Structures are given as C-alpha cells and as structure tokens.
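Listed below, chain by chain, are the residues.
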Amino acid sequence: MSDSRSAASAAPALQDVKRVRTVHLQRAKAAGEKFSMLTSYDVLTAGIFDRAGVDVLLVGDSLGNTVLGHDSTLPVTLDDMAVFAAAVVRGAQRPLVVVDLPFGSYEESPTQAVHSAAHIMKRTGAHAVKLEGGEALAEHVAAVVRAGIPVMGHVGFTPQSEHALGGFRIQGRGEAAEQLLRDARAVQAAGCFAVVLEMVSADAAAAVESALDIPTVGIGAGNVTTGQVLVWQDMLGLRAGTMPRFVKQYAQLAEVAGDAVSAYVADVRSGAFPAEEHSYRG
C-alpha cells in the first residue's frame, strides 16, 4: 500500500471531520471517498446545507442567474461575490467555503488575480477561491497560490467563456479530450487543490480523474469524479424551466412555496389571518 493510501486509511472519514479543509478533500480521493458540494449564497441555506452534511459550499457566480436575475454570470462583480460569500461564511460551520472570482476580476494578469483573491479572502473569511481556465491561466493560478490562497480550478465548459465556446456545449469529446487533460494537468501543476470538470463527457472525466493527484469535482461529468456539485436551486426544484440533463431534482420547492403563498394570500383576503393566536392583547 502506498504512503498516501496508508495515511488516508489512518485518518478519520470525511463525514467525521469537524471542519473540512483542502487536505481532507485530498485524503478523500486517496481513500476512495466521495464528497458533496452545493452552491450557496446566503446564511440560511448555508446553515441548512451544513446541518445536512454537505462538505463544500461554493459561492458561485451563478448567483448572477439564480439570485440577481441576469441572463449570464458575466455582469457579476467582485463586490457582489464578497457580499454573498460573507453571508455564507457566517452560516456555515463545517463546510469548506469556496468563492468564484467573477469575470473580469482575474484574467488581465497574475497580479490582478492575486488582488481579487486577496480582496475576497479579507472581506469574507472564505477558505478558497475558484478560477475558470486551464493552460492559458495557469500562471494566474500559481500567483494566487504563492500568495497563500488555496485555489480550486475549473475546466471543461467554463460559463464565463460561454460566448467564446459557442454556447452551452459538451466539452472533452474526441480530440478535445486531450486539451481537457492538458488544462487539468496545468492547473494541478500550478497548485490547485481540486478542479471542477463541467459538462464534459464521462469518458474524458474518467481520464482526468485517473491522471490527476488532486480530486476532481463533476457537474455534468458522470459519476467518476471524487466530488459532485450542483446549483442548489436546480437540485431542490426552486428554479422553473427545463433543467440540464445532469441535474437530479430532489424536491420541488417552487411548487411547495407557491402553494404556501397562495394559502397565505387567501387567508389574508378572507380575514382568516391573522387569527386570535397571532394577535397581541392588553
């Protein structure tokens, strides 16, 4: 048995860790454990997901779509991310909290990437940042890591580059699988502690997971990755419309909430609410 396997077997299982850190995700991969990751953008969902046992919370720039109502993630600012990330940190006790650096906040230079990452870490108390991009941005990742800030990579379909990629298209098929592997290896070499694989073929994801020493996190990448992540509003059925193929919905909160609000409206109109038990006397 390798030294890493021996160390992993001696360490507590991930679910028993009181505070998840980057080293625990590495140990999970070495031990063959899976870990869960969900997006979160506020203190209440952070607390719910924490108590449910989620290992990693991602304050994703997907909040541009799911919270702010934009058509894409591109309008999201660094200050937007800082406000929501600080709320998540206040609500989470056990999970590792990772924050996306939004479009335009890191691509210009390694120096810009370091400044933006440091801004997020100082304002929010988060534990790591996430950057999109492979070989072309490896130098930026390395600079942030040298500054003492843990970085999660993100390759495959990168939403901030949706226009350059020609829209929402599956990545890593055919010859593109080699580029995906080069991108993943590049961000690993630059110091990433994990890398997200988004909307890539399961075969390509398996090749990356096997080739890397760091854990991979899948979203539309099959079940071979060490971790899995979903946008919480998709997973819990709060967002309406057609879901991507990779989304499994575990509840229909939009329907539950709609029924509850309709009942409230009816009670207000009829005078049934507030009732005597909801009123003060004397």
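Residues numbered from 1 in each chain as written. Predicted model: local features only at pLDDT ≥ 70, side-chain atom pairs only at ≥ 80, totals over all residues. Heavy atoms only, no water.

Caption draft 1: Here's a closer look at the domain arrangement of the protein chain. Split into domains, the protein chain comes out as domain 1 (15–251) and domain 2 (253–281). Measuring from the centre of the C-alpha atoms in domain 1 to the corresponding centre in domain 2 gives 39 Å. (Domains from an automatic or database assignment.)

Caption draft 2: Main features of the pairing of strand β3 (residues 96–100). The buried count for β3 comes to five of five residues, which makes it a mostly enclosed element. Alternating positions in β3 separate into two faces, Leu96, Val98 and Asp100 on one and Val97 and Val99 on the other, with burial throughout. Pairing geometry for strand β2 (residues 56–59) and β3, over four bridges, is parallel. Within β3, the residue paired with Val56 across the bridge is Leu96. The pairing of β3 with strand β4 (residues 128–130) spans three bridges and is parallel. Bridge assignment links Asp100 to a residue of β4, and that residue is Lys130. What joins β3 to β4 is helix α6 (residues 110–124), and the crossover it makes is right-handed. (Buried < 20%, exposed > 50% of the residue type's maximum accessible area, 1.4 Å probe, protein only. Helix = DSSP H or I, 4+ residues; strand = E, 2+ residues; numbered from the N terminus. Pairing = 2+ DSSP bridges. Right-handed = clockwise from strand over helix to strand, strands pointing away.)

Caption draft 3: Seen up close, the pattern of salt bridges. Taken as a whole and assessed by the stated rule, the structure comprises six salt bridges. With its nearest N and O atoms 3.5 Å apart, the salt bridge here joins Glu209 to Lys29. Separated by 180 residues along the polypeptide, Glu209 in helix α9 (residues 202–211) and Lys29 in helix α2 (residues 22–31) bring together distant segments of the chain. Overall, the relative accessible area of 13% leaves Glu209 in the buried class. Residue Lys29 is classed as buried on the basis of its relative accessible area, which comes to 15%. (Salt bridge = Lys/Arg side-chain N within 4 Å of Asp/Glu carboxyl O.)

Caption draft 4: Spatial organisation of the UniProt feature "binding site: Mg(2+)" (unreviewed entry) in the protein chain. The positions that UniProt labels "binding site: Mg(2+)" (unreviewed entry) are, in the present scheme, Asp61, Asp100 and Glu132. Look at the named residues: they lie 72 residues apart in sequence, but the longest C-alpha span between them is just 11.0 Å, so in the fold they bunch up. As for its placement among the helices and strands, Asp61 is situated in the loop between β2 and α4 (63–66). By relative accessible area, Asp61 is classed as buried at 4%. By secondary structure assignment, the location of Asp100 is in strand β3. Taking relative accessible area as the criterion, Asp100 reaches 4% and is therefore assigned buried. (UniProt positions renumbered as here; feature names shortened; annotations may be inferred.)

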